[in-house]
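Okay, here's what each chain looks like letter by letter:
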Amino acid sequence: MSAQPAPTPPHAGIAAYRHPDLDDVLLCVEHGRRWEGLIPLTSSEVPFGGFCSWGTDDDYMVCGRALYKERSRR
């Protein structure tokens, strides 16, 4: 019996999530992976200078984490 590799988590390879209707709303993997309807982005698709927009309704807490942008290789 050969060992099979562990299944890849559904969010593997995802660097961020984009809101489908609000282009400037991006969420990091931690805050976006449980929301239905968000568009997953790989690191090559993340806009340069993107930050996580997650926050509470009263703006008491805001993530603001910088989103990783993979550099193009030359």
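This text goes with the structure placed above it.
Residues numbered from 1 in each chain as written. Predicted model: local features only at pLDDT ≥ 70, side-chain atom pairs only at ≥ 80, totals over all residues. Heavy atoms only, no water.

(A) Looking closely at the overall build of the protein chain. A tally of helices and strands in the protein chain yields one helix and three strands. When the helices and strands of the protein chain are listed from N to C terminus, the series reads β-β-α-β. Look at the contacts in the protein chain between residues 6 or more apart in sequence, and 42% of them connect residues 24 or more apart. Within the structure as shown, the protein chain displays about 6100 Å² of accessible surface, and the carbon and sulfur contribution to it stands at 52%. (Helix = DSSP H or I, 4+ residues; strand = E, 2+ residues; numbered from the N terminus. Contact = heavy atoms within 4.5 Å. Areas by Shrake-Rupley, 256 points an atom, 1.4 Å probe, with all protein chains shown as cover.)

(B) Focus on the pattern of salt bridges. Inspection of the entire model under this criterion finds one salt bridge. We note a salt bridge from Arg-65 to Glu-30, for which the minimum N-O separation is 2.9 Å. One end of the pair, Arg-65, is in the segment after strand 3 (39–41); the other, Glu-30, is in helix 1 (residues 29–32), and 35 residues separate them in sequence. Arg-65 gets classed as partly exposed once you look at its relative accessible area, which sits at 39%. Relative accessible area serves as the criterion here: at 41%, Glu-30 is assigned to the partly exposed category. (Salt bridge = Lys/Arg side-chain N within 4 Å of Asp/Glu carboxyl O. Buried < 20%, exposed > 50% of the residue type's maximum accessible area, 1.4 Å probe, protein only.)

(C) Main features of the sheet that holds strand 1 (residues 16–18). Strand order in the open sheet formed by three strands is 2-1-3, and the pairing between neighbours is antiparallel. One side of each edge strand has no neighbouring strand; the edge strands of this open sheet are strand 2 (26–28) and strand 3. For this sheet the average axis-to-axis angle between neighbouring strands, irrespective of direction, equals 30°. Bridge analysis of strand 1 against strand 2 gives three bridges, and the strand direction is antiparallel. Across the sheet, Tyr-17 pairs through a bridge with Leu-27, a residue of strand 2. (Pairing = 2+ DSSP bridges. Axes fitted to C-alpha atoms, helices over the stretch in contact; angles between N-to-C directions.)

(D) Examining the environment of Pro-40 more closely. Inspection of the secondary structure puts Pro-40 in strand 3. Setting aside its immediate chain neighbours within four residues, Pro-40 contacts Ile-14, Ala-16, Tyr-17 and Glu-45.

(E) Inspection of the environment of Ser-53 at higher detail. Structurally, the position occupied by Ser-53 is in the segment after strand 3. Exposure remark for Ser-53: the relative accessible area of 36% places this residue in the partly exposed category. For the pair formed by Ser-53 and Cys-63, sequence separation is 10 residues and the distance between their alpha carbons is 6.6 Å. Contact partners of Ser-53, with chain neighbours within four places excluded, come to Asp-24, Val-25, Leu-26 and Leu-27.

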